[in-house]
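Structure assessment
Below, each chain spelled out in residue letters.
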Amino acid sequence: MALDVDEDLIEEVASRLDLREPNREALESLVYELAQHYAVDGKQPPFEAVIDAATGVGQTYIIAAAMDYLAGRGV
């Protein structure tokens, strides 16, 4: 699986979900780590990630944004 970074899609998802800046940054970080894992390092699934976020800051929005981003990329 090759996955490059689509900056426009990150911004679109962040805007559509009205992500706060830290959550947008978490999405962006996750997307870059995915690209590193698959496109740069050429690794195979599975991919595991941890988002370090305090309680009540919007973890659900981060995972929803990640799912939305990946769906937009056809994953």
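Residues numbered from 1 in each chain as written. Predicted model: local features only at pLDDT ≥ 70, side-chain atom pairs only at ≥ 80, totals over all residues. Heavy atoms only, no water.

**Observations concerning unusual backbone geometry**
Residue aspartate 18 is not a glycine yet carries a positive backbone phi of 50 degrees. By the element assignment, aspartate 18 lies in the loop between helix H1 (7-16) and helix H2 (21-40). Assessed through its relative accessible area of 65%, aspartate 18 is described here as exposed. (Helix = DSSP H or I, 4+ residues; strand = E, 2+ residues; numbered from the N terminus. Buried < 20%, exposed > 50% of the residue type's maximum accessible area, 1.4 Å probe, protein only.)

**A few points about the environment of glutamine 59**
When you line up the elements, glutamine 59 lands in helix H3 (residues 59-72). Once the C-alpha coordinates of glutamine 59 and alanine 26 are considered, the two residues, 33 residues apart in sequence, prove to be 9.4 Å apart. Look past the residues within four positions of glutamine 59 in its chain and what remains in contact with it is Ala53 and Ala54. (Contact = heavy atoms within 4.5 Å.)

**A closer look at the side chain of arginine 24**
You can see arginine 24 is positioned in helix H2. Filtering out sequence-adjacent residues up to four positions away, arginine 24 remains in contact with Ile10, Glu11, Ala14 and Leu19.

**Some points on the packing of aromatic side chains**
What the rule picks out here adds up to one aromatic pair. Measuring from centroid to centroid gives 6.4 Å for tyrosine 38 and phenylalanine 47, while their planes differ by 45 degrees, and the two rings are tilted. Overall, phenylalanine 47 belongs to the partly exposed group, its relative accessible area being 24%. (Phe/Tyr/Trp six-rings, centres within 6.5 Å; stacked < 30°, edge-to-face > 60°.)

**What about the pattern of salt bridges?**
Scanning the model with the defined rule gives six salt bridges in all. As a salt-bridge pair, arginine 73 and aspartate 4 come within 2.6 Å of each other at their nearest N and O atoms. Taken together, the residues span a long stretch of sequence, with arginine 73 in the segment after H3 and aspartate 4 in the segment before H1 at a distance of 69 residues. Bridged by salt links that share partners, the residues Glu11, Glu21, Arg24 and Glu28 form one connected network. (Salt bridge = Lys/Arg side-chain N within 4 Å of Asp/Glu carboxyl O.)

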